[in-house]
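# Secondary and tertiary structure notes
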Amino acid sequence: MNCILVGPPGAGKGTQAKKIVEKFGIVHLSTGDMFREAKKSEEGISKLLASGQLVPDETVVNMIKKRLEKDDVKKGFLLDGFPRTLNQAEELDKMLKTKNIKIDAVFFVDVHFDEAVKRISGRRVCSCGASYHVDFIPPKVEGKCDACNGDLIQRNDDKENVVKDRLDVYEKQTRPLIEYYKKTGLLVNIDGLKNESEVFEEIKKYIKAK
Ligand code: AP5
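Okay, so let's go over this structure.

Cut-off values and rules
- Residues numbered from 1 in each chain as written.
- Predicted model: local features only at pLDDT ≥ 70, side-chain atom pairs only at ≥ 80, totals over all residues.
- Heavy atoms only, no water.
- Pairing = 2+ DSSP bridges.
- Helix = DSSP H or I, 4+ residues; strand = E, 2+ residues; numbered from the N terminus.
- Axes fitted to C-alpha atoms, helices over the stretch in contact; angles between N-to-C directions.
- Buried < 20%, exposed > 50% of the residue type's maximum accessible area, 1.4 Å probe, protein only.
- Arc of directions from axis to C-beta.
- Contact = heavy atoms within 4.5 Å.
- Near = heavy atom within 4 Å.
- Polar contact = N/O pair within 3.5 Å; in protein donor to acceptor, adjacent residues only side chain to side chain.
- Areas by Shrake-Rupley, 256 points an atom, 1.4 Å probe, with all protein chains shown as cover.
- Nonpolar A, V, L, I, M, F, W, Y, C, P; charged D, E, K, R; others polar.
- Disulfide = S-S within 2.5 Å.
- Core = buried A, V, L, I, M, F, W, Y, C linked by side-chain atoms within 4.5 Å.
- Phe/Tyr/Trp six-rings, centres within 6.5 Å; stacked < 30°, edge-to-face > 60°.

Moving on, we get to the sheet that holds strand S3 (residues 77-80). Ordered by their spatial adjacency, five strands build an open sheet running S2-S3-S1-S4-S7, and the pairing between neighbours is parallel. Edge strands, defined here as strands with exactly one partner in the open sheet, are strand S2 (27-30) and strand S7 (187-191). Put simply, the sheet's adjacent strands are angled 20 degrees from each other on average, direction ignored.

This part is about helix H4 (residues 57-67). Taken residue by residue, H4 has Val60, Val61, Ile64 and Arg67 as its buried positions. An end-on view of H4 places all buried positions within 125 degrees of arc, on one side of the element. Exposed positions of H4 whose direction lies more than 90 degrees from the buried face are Glu58 and Lys66. In this structure, the buried residues of H4 make contact with S2, helix H2 (31-38), S3 and helix H5 (86-99).

Turning our attention to the site of the ligand. Taken together, 34 residues surround the ligand, and among them Thr15, Gln53, Arg84, Arg123 and Arg166 come closest. Separating an oxygen atom of the ligand from a backbone N or O atom of Gly12 is a distance of 3.0 Å. In isolation the ligand offers 1,100 Å² of accessible surface; the protein chains occlude 96% of this area. At the level of secondary structure, the elements contributing two or more residues to the shell around the ligand comprise helix H1 (13-24), H2 and strand S6 (131-133). It is H2 that contributes the most residues to the shell around the ligand, four residues altogether. Of the residues in the shell around the ligand, the class split is twelve nonpolar, twelve polar and ten charged.

This paragraph deals with the packing of H5 against helix H8 (residues 176-184). Across the interface, H5 lies against H8 with an axial gap of 9 Å and an inter-helix angle of 35 degrees. On H8, the residues touching Leu86, Ala89, Glu90, Leu92 and Asp93 of H5 are Pro176, Leu177, Tyr180 and Tyr181.

So, on to the side chain of Asp80. As for its position among the elements, Asp80 is in strand S3. At 2.9 Å, the side chain of Asp80 forms a polar contact with the side chain of His28. For Asp80, the contacting residues outside a window of four places in its chain are Leu5, Lys13, Gly14, Ala17, His28, Leu29, Ser30 and Thr31.

With that out of the way, let us pick up the state of the cysteines. One pass over the full model with this rule turns up zero disulfides. No disulfide involves Cys126; its nearest neighbouring cysteine sulfur is the one of Cys148, lying 3.5 Å away. Exposure remark for Cys126: the relative accessible area of 6% places this residue in the buried category.

Looking now at the nonpolar core. One finds Leu68, Phe77, Leu79, Leu92 and Tyr181 to be the most contacted residues of the largest nonpolar core, which totals 29 residues. The residues touching Leu79, leaving out its near neighbours within four places in the chain, are Cys3, Ile4, Leu5, Leu29, Ile64 and Leu92.

Before going further, it helps to examine the side chain of Arg119. Following the sequence through the fold, Arg119 ends up in helix H6 (residues 113-122). Judged by relative accessible area, Arg119 falls into the buried class, the value being 16%. In this structure, Arg119 is in contact with Gly10, Ala11, Gly12, Val111, His133, Phe136, Gly192, Leu193 and Lys194, ignoring residues within four places of it in sequence.

The tally for this structure, following the rule as stated, stands at two aromatic pairs. Ring plane angle 90 degrees and centroid distance 5.1 Å describe the contact between Tyr180 and Tyr181, whose orientation is recorded as edge-to-face. By relative accessible area, Tyr181 is classed as buried at 3%.

Written out as structure tokens, the structure reads:
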């Protein structure tokens, strides 16, 4: 099974992605995670992420192209945060066509602007990859990761002054993808406003029915 998760910043894509890959044994390909890892060594990427702007299409497309060469994606993959522009979607189509790979579903997890802001501003993350929300999904001990007891921090791009820019970028550059995937018949609308488990149930039900 090969799927795509699309939706505004803070919709819960990363949260659901972790559950999906664990349940269905597929590979999680998160371009955001890849860039957060890369930014430790690349200043240009670091600046783009901190300002909420997109990394150039060519860079993202080449990164995904390389990643799809690896053997592990044969067991199935979940793209999280890619594609994010129409150009990226078209490049992905070309890439998959040459490899004879098909996408089974594009889950569009949607939440409105105010909810996205609330979720992003309350998110706290650990260097081990775990993610929490100070009100909705709090850790057992404030400021500490349940999994490894590491310190929880706020992502640079979750700061209030950047959040609005990220949502603007989404509206202008990513939202047109919804229409694009609707036309392919692959789009599955998911109500991201439900709680974490309910959202997962909806996605799980769809995958199992497939
Ligand atoms: P990326 O990491 O992809 O960020 P994003 O798309 O902005 O998404 P987020 O990680 O903010 O949100 P999410 O939907 O994963 O929500 P989460 O599950 O964490 O990208 C970061 C940057 O990298 C981009 O700005 C860009 O610069 C660059 N980039 C990445 N991909 C790119 C591409 N293809 N092209 C160009 N540039 C690219 O949940 C959010 C919070 O809500 C958490 O606190 C969580 O605990 C909580 N929560 C989750 N679900 C629920 C729920 N159902 N109810 C209540 N709270 C919930």
